[in-house]
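Inside the fold
Each chain, written out:
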Amino acid sequence: MQELSPKYDPKEVEERWYKLWEERNYFKADPASPKPAFCIVIPPPNVTGSLHIGHALNNSLQDLMARYKRMNGFDVLWLPGCDHAAIATQNVVERQLAKQGVTRHDLGREKFLQKVWEWKEESGATIMRQLRRLGASLDWSRERFTMDEGLVEAVREVFVRMYEKGLIYQGDYVVNWCPRCGTALSDIEVLHKESEGKLYYVRYPVAGFPGTHVVVATTRPETIMGDVAVCVNPKDPRYTGLKDARLTLPLMGREIPLIADSYVEMDFGTGALKITPAHDANDFEIGNRFGLPRIKIMDPKGVMNEAAGRYAGLDRFAARKKVVADLEAAGLLEKVEPYQNAVGRCYRCDTVVESYLSLQWFMKMKPMAEKALAAMEKGETRFQPENWKKVYSDWLLGIRDWCISRQIWWGHRIPIYYNADRSKQCAAHSVSEAALKLGVPETEVQQDPDTLDTWFSAGLWPFATLGWPKETPELKRYYPTSMLVTSWDILSFWVARMSMFGLEIMGKVPFEEVFINSLVADEHGQKMSKTKGNVIDPLTKIDTIGADALRFALISIETQSRYISLSEERFEAGRNFTNKIWNAARFMLMNLKGLPEGPITRPRQESLELADRWILTRLDDTVREVTRQIEEGRQVNQAANSLHDFFWHDLCDWYIEAAKARLAGPVEEGATARATLAYTLETTLRLLHPFCPFITEEIWQMLPHGEVPSIMLASWPQPGAASDPVAEADFKILSDIVYAVRNIRGEMKVDAKKQVTAILLAPDQATLSLLVAQKALLESLGQMTISGLSAGAFEKPKGAASAVAGAVQVFLPLEGLLDLAVERTRLEKEMGRFQQLIEAIHKKLGNEQFVSKAPASVVEAERKKIAEYQSAIDKLGANLKELPA
């Protein structure tokens, strides 16, 4: 039997094993395999990205499922890849060029894109390399990129199909616009930050009624020049006398109508809303309902244009100051109030986003959303946890058409082509195809300059990465994919779009299950950000504590809530656990010499002693529990905690201690203990492997494992044919006694190394027989000498501390050492603890929901506990009365 080094070195172990796993193709899926298929496609991280703590959690969960399924006999494809991250990547390269005094416009489109590709090849996909450090068992032979040749083909094919079906169209609409990046943004690319602003109350004079005006509250007075109406709620009594009134637009002098629409909230501001259809999405909708004109008063850079009159040429924020000053000078500014609101900013450059009327390409979403909703209702896509179904369905029900075009150069160029004068347009896969459709020479064909929103190609990820539009073996075998693991914040933006694209293009949902993980917050529940200085770098943690400790720390707190709080103590707990695994395994391996050659098997039942039967029963229970927790509801944190408790407490604290005497004796006498220890260790390592892949592989290799070359390829453990409830009950009696003795020693401050004498009073003859048979084990575990065993009445020793362990009374004669006041307090405290337990059970039994839903056996077991705890109180009370005054 090989020995482990005295200290665990995660870095050396992790580098060595990951290299071997990858070289031996253990991560590689096989479309021709007879095994059942299991497929996860990775949520593609940005090509500009670096591993952050959210990635670490998400990918630890994916790897857990991939490794678990492999061990359960599945052919697993966990497909890697990254996203081209259009705006983010373009900004990175533009910043590099700026340092050289060059802009993308200086280079031109083609040369600029060449620079982006050069950057991608040299510096991109850093996160893919970092995922290896985490232990991610991805099939690297199938790595994809949202701008690779296959994805480009898929994007064009989907666009052409949907354009020809009438699902893609071009039109003017108010979009999120970044004046600095010069492009439309999706909702997820706009970060809303709370800001201290101002609410300006502006007087709009009523035409023909001098001295009468309607006051409008606005946060954006610079857009007044684009107003085409003021709107009030038709039920607002303040404006019933102004029906069909005309108002004079402040600073501009032209008249605009006062209109009524139920959209207006009467309790906001003055209940009067300025309508600027070219600069507000909601105003745009109202303007359409009333047939109002759209006046655009800014250019794409956020500079006021000719329609802004005297403010033309001013930046929008400079214009705001000038407008406010002019309103005040004209007596049209009634008041200004501080106002805190969430201001939208570009997620890449932090510029304040403008609502801006622009000619864009859109996708009709409602027809596809209806299919996605129906699929969810039929159970074709399951959500874990289920409460996210409502968030998902609410977004689909309220969906609006999607602006899919972006005014940047890096990304999938929109496959729309025009003739020379743009009188004709078509969607096509190539210039030559477009020339045929348009009926013009190729030299006259012009392609639309815009690119597609990054989420368009990301939405095709589950099937495009498997080879679509080609009919590949991978597509046939792995689509629909089995599971998507993602965070809730992109449920609408990405998960819903993948569902809609999958149903529209493939006729099937893209994944059977959506496992929603939490976002990671700091220990105070605050979202992590560089500004707050509370960001945790997972790579630094891997350097200091190892990947397994990081993974276990994250998985053990994943509750599938919105946020989970992460503290340094969690990482310490992860490191302590991996160190415990290493040190305990080292001790066990040192004591397993003499094991027979060949794979480790379960020891024969007839040779087992009580402690052996107990640990094997606890092991079987843990196998069942961990399997259930992973399979049912993906309760991975509970599975991690079940494993932690079994390994640390059942195996290390109890069984190893119970087996030490036999392990130290003659080889023949300790054979059963060694066999039990070896089987328990090997099985536990397999249970732990999906959580902590590196350390489990390193230790498992030290054990006999036959022809199976890696724990990755070993089978997931199965519980024994039958549990042993008698062994569990008997061992619990012994452990309760040991706990009682340890508690007395601790509270009475008796030296832990000092041997004590104990007297045990059993409630019946059967228990007495057990205690007699296990006397040596009890003495070893409790560091005590048992001087008396009885099942009947006997004279209790004077000056003895007492406790109740289940139904057994424990007495420790401490005459001369016993502080009667301390003992009295201790007994009263113990009686109070049992009383609290009784009250908790009464509360539970008083809950009608619990009694009606819980199995009858569970309810009856709770009632029995009341009698047991009351008996303990009575015995403790009797001992308390017998203490000298």
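Below, the structure is looked at part by part. (Residues numbered from 1 in each chain as written. Predicted model: local features only at pLDDT ≥ 70, side-chain atom pairs only at ≥ 80, totals over all residues. Heavy atoms only, no water.)

**Some details on the nonpolar core**
- Core analysis: the biggest nonpolar cluster contains 221 residues, and Phe159, Met363, Phe456, Phe691 and Ile737 have the highest contact counts within it.
- The element best represented in this core is helix α21 (residues 636-664), accounting for 14 residues.
- Of all hydrophobic cores here, the second largest spans 42 residues; its members include Val174, Val214, Ile256 and Val323. (Core = buried A, V, L, I, M, F, W, Y, C linked by side-chain atoms within 4.5 Å. Buried < 20%, exposed > 50% of the residue type's maximum accessible area, 1.4 Å probe, protein only. Helix = DSSP H or I, 4+ residues; strand = E, 2+ residues; numbered from the N terminus.)

**As for helix α8 (residues 281-290)**
- All of the buried residues in α8 are Ala281, Asp283, Phe284, Ile286 and Gly287.
- The inward-facing, buried residues of α8 contact β5 (168-178), β11 (255-260), β12 (272-275) and β14 (354-363).
- At the N-terminal boundary of α8, the capping side chain belongs to Asp280, with an oxygen 2.9 Å from the backbone nitrogen of Asn282.
- Gly291 lies just past α8 and shows a positive phi near 65 degrees. (Contact = heavy atoms within 4.5 Å. Polar contact = N/O pair within 3.5 Å; in protein donor to acceptor, adjacent residues only side chain to side chain.)

**Section: the sheet that holds strand β29 (residues 808-813)**
- The four strands lie next to each other as β27-β26-β29-β28, forming an open sheet whose pairing is mixed. Both edges of this open sheet fall to β27 (784-790) and β28 (800-805), since each of them pairs with a single strand only. On average, each strand axis in the sheet is tilted by 25 degrees relative to the strand beside it, whichever way the strands run.
- As defined by bridge partners, β28 adjoins β29 across six bridges and the pair is classed as antiparallel. Opposite Ala805, over in β29, you have Val808 as the bridge partner. (Pairing = 2+ DSSP bridges. Axes fitted to C-alpha atoms, helices over the stretch in contact; angles between N-to-C directions.)

**Let's talk about the pattern of salt bridges**
- By the definition in use, this model includes 57 salt bridges.
- For Lys390, the salt bridge goes to Asp394, with nearest N and O atoms at 2.8 Å. Linking Lys390 with Asp394, this pair stays in helix α11 (residues 388-397), spanning four residues, or about one helical turn.
- Under the relative-accessibility criterion, Asp394 is labelled partly exposed at 39%.
- Here Glu631 ties to Arg634 by a salt bridge, and the two come within 3.7 Å at their closest N and O atoms.
- Through salt bridges with shared partners, a single ionic network connects Lys69, Arg382, Glu513, Glu631 and Arg634. (Salt bridge = Lys/Arg side-chain N within 4 Å of Asp/Glu carboxyl O.)

**Focus on the side chain of Glu862**
- Among the structural elements, Glu862 can be located in helix α29 (residues 856-882).
- Taking the relative accessible area as the measure of exposure, Glu862 reaches 8% and is therefore buried.
- Every residue in contact with Glu862, bar those within four places of it in the chain, is listed here: Ile841, Lys844, Leu845 and Phe850.

**Quick notes on the packing of aromatic side chains**
- All chains considered together, the criterion is met by 35 aromatic pairs.
- Note on Tyr68 and Trp716: the rings are 4.8 Å apart at their centroids and 80 degrees apart in plane angle, and the pair reads as edge-to-face. Here Tyr68 is found in helix α2 (residues 53-71), whereas its partner Trp716 is found in the loop between α23 (693-700) and α24 (725-747), with 648 residues between them in sequence.
- Aromatic rings pair up to connect Phe159, Tyr163, Trp361, Trp402, Phe456 and Phe501 into one cluster.
- Positioned above the aromatic ring of Trp21 is the side chain of Arg67, whose terminal nitrogen or guanidinium carbon lies 4.6 Å from the ring centre.
- Looking at Arg833, its charged tip hangs above the ring of Phe834, at a distance of 4.7 Å from the centre. (Phe/Tyr/Trp six-rings, centres within 6.5 Å; stacked < 30°, edge-to-face > 60°. Lys NZ or Arg CZ within 6 Å of the ring centre and 35° of its normal.)

**With respect to the environment of Asp106**
- When you line up the elements, Asp106 lands in helix α4 (residues 104-107).
- Classification of Asp106 as exposed rests on a relative accessible area of 55%.
- There is a polar contact of 2.9 Å between the side chain of Asp106 and the backbone nitrogen of Thr103.

**Observations concerning a positive patch on the surface**
- Positive charge collects at one region of the surface, where Arg95, Lys99, Arg180 and Arg348 lie side by side.
- Mapped onto the secondary structure, Arg180 falls in the loop between β5 and β6 (183-185). (Patch = residues over 30% accessible without salt bridge, like charges linked within 9 Å, V, L, I, M, F, W, Y side chains within 5 Å. Areas by Shrake-Rupley, 256 points an atom, 1.4 Å probe, with all protein chains shown as cover. Lys, Arg positive; Asp, Glu negative; His and termini not counted. Charge placed at Lys NZ, Arg CZ, Asp CG, Glu CD.)

**Details of helix α12 (residues 431-438)**
- Where α12 is concerned, the buried positions are Ala434, Ala435 and Leu438. An end-on view of α12 places all buried positions within 105 degrees of arc, on one side of the element.
- Among the structural elements, β18 (416-418) and β19 (425-427) are those in contact with the buried residues of α12.
- Gly439, located one to two residues past α12, shows a positive phi value of around 70 degrees. (Arc of directions from axis to C-beta.)

**Describing the sheet that holds strand β9 (residues 229-232)**
- The four strands lie next to each other as β10-β11-β9-β12, forming an open sheet whose pairing is mixed. Strand pairing shows two members of the sheet lacking a second neighbour, β10 (246-248) and β12, which therefore form its edges. Between one strand and the next, the sheet's axes are offset by a mean angle of 35 degrees, whatever the strand orientation.
- Of the pairings in the sheet, the one linking β10 to β11 comprises three bridges and is antiparallel in character. Along β11, the bridge assignment pairs Arg246 with Pro257.
- Across the sheet, α8 touches β11 and β12, and the angle it forms with β12 is around 85 degrees.

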